[in-house]
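Chain and residue survey
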Amino acid sequence: MIDYNLYLCTDRNLTSDIEKAVALAIKGGVTVVQLREKNCSSLEFFEVGTRLKKITAEKNIPLIVNDRLDIAQAIDAAGVHIGQDDLPCKIARKILGAEKIIGVSVSTVEEAIQAEIDGANYLGVGAMFATNTKTDAKLVTVETLKKIRAAVKIPIVAIGGINLETISKIKPAKIDGVAVVSAIIAAENPEIAAKNLLNVWRN
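The following paragraphs examine the structure supplied in this document. (Residues numbered from 1 in each chain as written. Predicted model: local features only at pLDDT ≥ 70, side-chain atom pairs only at ≥ 80, totals over all residues. Heavy atoms only, no water.)

Of regular secondary structure, the protein chain possesses 9 helices and 8 strands. Relative to the globule expectation of 17 Å for 203 residues, the C-alpha radius of gyration of the protein chain, 16 Å, shows essentially globular dimensions. Taken along its principal axes, the extent of the C-alpha atoms in the protein chain is 40 × 40 × 30 Å. Burial analysis of the protein chain (203 residues in total) assigns 49% to the buried set. The long-range share in the protein chain, meaning contacts at least 24 apart out of those at least 6 apart in sequence, stands at 59%. Taken as a whole, the protein chain presents about 9,900 Å² of accessible surface, with 50% of it coming from carbon and sulfur. When the 25 basic and 24 acidic side-chain charges of the protein chain are each reduced to a single mean position, those positions are 5 Å apart. (Helix = DSSP H or I, 4+ residues; strand = E, 2+ residues; numbered from the N terminus. Rg over C-alpha atoms; globule rule 2.2 N^0.38 Å. Buried < 20%, exposed > 50% of the residue type's maximum accessible area, 1.4 Å probe, protein only. Contact = heavy atoms within 4.5 Å. Areas by Shrake-Rupley, 256 points an atom, 1.4 Å probe, with all protein chains shown as cover. Lys, Arg positive; Asp, Glu negative; His and termini not counted. Charge placed at Lys NZ, Arg CZ, Asp CG, Glu CD.)

Take a look at the structure:
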């Protein structure tokens, strides 16, 4: 059973020390970490992943790798997260086997239902609000989020522009967690930022 309450996605462009930021965020209550690096070589991805795996494993926090099944396998990550334009969930499941976690990004009820059928363990729904980390993302309404929640049984994590100001707007959808990038990674103190977000989310 995975606790999806506070799901952290990395972005090395937002901090001078990604390993330190992740370690502090976990101390503050982050429950899942996703290695999400868009602009780095395979070797860099592997090296950062190896270092983060050590940090997350020490605290028993699942490490998910964005897009890259090969990196996920190489570092023995807990699983992968894939988008609508990535390798299909069915194929990822065949490659990774039954034990690994697979998350799928969706923005419609139809995509959510299909991902569940194809074997996804959880869904990432968004973008909920405008975000600088993914400027081309189309926005999903809270009403659509509620419809997705009603349509599938697997856990749902909302992503996109989530911070202390926007997090409470998602609560009525009764989903399993929120995914955060800049509100934690770019914070002056990632530990306090994580604590504050988790406190608002859980209460």
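Contact pair helix H1 (residues 18-27) / helix H2 (residues 42-58): the axes reach a minimum separation of 10 Å and the direction vectors enclose 25°. Classified by the angle between their axes, H1 and H2 sit roughly parallel to one another. Between H1 and H2 the crossing geometry is right-handed. In this structure, H1 contributes Ile-18, Glu-19, Val-22, Ala-23 and Ile-26 to the contact, and H2 contributes Val-48, Arg-51, Leu-52, Ile-55 and Thr-56. When the residues that make up the contact of H1 with H2 are grouped by side-chain class, the tally is 7 nonpolar, 1 polar and 2 charged. (Axes fitted to C-alpha atoms, helices over the stretch in contact; angles between N-to-C directions. Parallel < 35°, antiparallel > 145°, perpendicular 65-115°, else oblique. Left-handed = near helix turned anticlockwise from the far one by under 90°. Nonpolar A, V, L, I, M, F, W, Y, C, P; charged D, E, K, R; others polar.)

With that settled, the discussion passes to the sheet that holds strand S6 (residues 122-125). Spatial ordering of the closed barrel is given by S1-S2-S3-S4-S5-S6-S7-S8, a layout of 8 strands whose pairing is parallel. Adjacent strand axes in the sheet meet at a mean angle of 25° when their direction is disregarded. As judged from the 3 bridges shared by S6 and strand S7 (residues 156-159), these two strands associate in the parallel manner. Looking at S7, one finds that Gly-124 is bridged to Val-157. (Pairing = 2+ DSSP bridges.)

Cis geometry is adopted by the peptide bond preceding Ala-127, which originates at Gly-126 and carries an omega value of 10°. Structurally, the position occupied by Ala-127 is in the loop between S6 and helix H6 (142-151). The phi dihedral of Lys-174 falls on the positive side, at around 55°, and the residue is not glycine. Along the chain, the position of Lys-174 falls in the loop between helix H7 (167-170) and strand S8 (177-180). Judged by relative accessible area, Lys-174 falls into the exposed class, the value being 67%.

The interhelical angle for the contact between H1 and helix H9 (residues 190-202), taken along N-to-C directions, is 40°, at an axis separation of 7 Å. The two elements H1 and H9 cross, and the hand of that crossing is right-handed. Taken together, the residues of H9 that come into contact with H1 (itself represented by Ala-21, Leu-24, Ala-25 and Lys-27) are Pro-190, Glu-191, Ala-194 and Lys-195.

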